[in-house]
Amino acid sequence: VALKSNGQVEAVSLTSVSSSTASKQSLPSGATSTDYPHVVYDTVNDKHVFCYEDSGNTNALTAVVATLSGTTFSFGTAVVVQTGHVDGYGGVALTYDASAGKVVVYYSRNSDGQTGKARVGTVSGTSISFGSAVTISSTNAYDGVAVYDSLAQKIVWSFRNTVNSNYGTAVCATISGTSISFGSLHVFQSVSATYIGSAYNSNAGKTITVYQNSTAN
């Protein structure tokens with residue numbers, strides 16, 4: 001799609017990719033259900049980390065390390081990041097902090113009233129371990145996305161904060177070891193923001209966030 005001057009999007013031509021360039025694979029054996037998958041690439045360890053909601057295990061948030069060889073993945077042992085019903089569709093965001101060499105997963109859990117939480121993951125070989133969960137105060141986070149700002153060496157997490165009129169909200173996170181700390185919440189738009197997306201422009205040193213104003217006609 002392309003963004004037009006009036007703010008609307010339109011379809012543009014797309015060059016197809018042959019299906020022969022890659023083989024289709026399921027996520028690791030033993031996973032009963034891999035709903036709402038997310039993936040990041042760990043540049044330090046040359047591994048991919050998949051994160052998903054396992055609806056066959058009470059919707060627990062689960063992660064697994066994958067090694068790519070040619071067009072084939074091999075998987076390590078899946079680990080549970082967070083037990084209980086994690087909202088994988090709108091409540092999970094995954095990113096990689098290149099300066100810290102860490103994977104960070106953000107999530108909200110229904111049993112906690114969708115309070116935003118984060119954990120730092122460390123890849124070692126084909127395994128991943130996570131630090132303690134850190135709660136982002138004054139948030140019920142949904143539609144969250146996270147990007148890494150390489151200039152500031154921070155992670156920017158943007159989400160819809162349901163405890164504050166569903167306003168589009170962002171917060172910066174800093175990694176130290178296996179812990180994570182957060183700055184102040186910033187409302188980037190005082191509307192009900194849904195379907196949020198973000199990207200980092202390394203040339204400009206800026207994070208661009210897009211969203212749908214669900215209150216507009």
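Above this text you will find the structure in question.
The shown structure was predicted, so the numbers you read here are calculated from the model rather than taken from an experiment.

(A) View of the overall build of the protein chain. A count of helical and extended segments in the protein chain gives zero helices and 18 strands. Across the 217 residues of the protein chain, 41% fall into the buried class. For the protein chain, contacts bridging at least 24 residues in sequence account for 41% of all contacts bridging at least 6. Of the roughly 11,200 Å² that the protein chain leaves accessible, carbon and sulfur atoms contribute 48%.

(B) How the structure looks around the pattern of salt bridges. Applying the stated criterion across every chain yields a total of one salt bridge. Its salt-bridge partner being D143, residue R160 comes within 3.1 Å of it at the nearest N-O pair. Separated by 17 residues along the polypeptide, R160 in strand β14 (residues 154-161) and D143 in strand β13 (residues 141-149) bring together distant segments of the chain. Note on accessibility: R160 and D143 belong to one class, buried.

(C) Focus on the environment of V120. For V120, the position within the fold is in strand β10 (residues 117-124). For V120, a relative accessible area of 1% gives the class buried. Spatially, the C-alpha atom of V120 lies 6.2 Å from that of S179, the residues being 59 residues apart in sequence.

(D) A look at the environment of V187. Inspection of the secondary structure assignment puts V187 in strand β17 (residues 186-201). Remark: the alpha-carbon pair of V187 and A170, spanning 17 residues in sequence, is separated by 6.4 Å. If sequence neighbours within four positions are ignored, V187 has contacts with N164, Y167, G168 and T169.

(E) Looking closely at the pairing of strand β4 (residues 47-54). Taking burial as the measure, the eight residues of β4 include eight buried ones, the bulk of the element. Neither face of β4 is exposed, since K47, V49, C51 and E53 on one face and H48, F50, Y52 and D54 on the opposite face are all buried. Bridge count for strand β3 (residues 35-42) against β4 is six bridges, and the pairing is antiparallel. Following the sheet pairing, H38 is matched in β4 by C51.

(F) Inspection of the pairing of β10 at higher detail. Of all eight residues in β10, six are buried; the element is thus mostly enclosed. Where strand β9 (residues 102-107) lies against β10, five bridges are found, and the strand directions are antiparallel. Across the sheet, the residue bridging to Y106 is A118, located in β10. Pairing of β10 with strand β12 (residues 134-135) involves two bridges; the strand directions are antiparallel. Bridged to A118 within β12 is V134. The pairing of β10 with strand β11 (residues 127-130) spans four bridges and is classified as antiparallel. Looking across to β11, one finds that V123 is bridged to I128.

What counts as what
Once a new chain begins, its residue numbering starts again from 1 and follows that chain's sequence as written. For a predicted model such as this one, the threshold for reporting local features is a pLDDT of at least 70, and the threshold for listing and counting side-chain atom pairs is 80 or more; totals across whole chains, interfaces and linings nevertheless cover every residue. Water and hydrogen atoms play no part in the side-chain values, which are based on all heavy atoms of the structure. Numbered from the N terminus, helices here are DSSP runs of H or I no shorter than four residues, and strands are runs of E no shorter than two. Residue burial is assigned from relative accessible area. The probe radius is 1.4 Å, only protein chains are included, and a residue is buried under 20% of its type maximum, exposed over 50%, and partly exposed in between. Here, residues are in contact when the closest pair of their heavy atoms is within 4.5 Å. Per-residue accessibility takes into account occlusion by the displayed protein chains alone, with areas from the Shrake-Rupley method and a 1.4 Å probe. We define a salt bridge as a side-chain nitrogen of Lys or Arg found within 4 Å of a carboxyl oxygen belonging to Asp or Glu. Between any two strands, pairing holds if DSSP finds at least two bridges.

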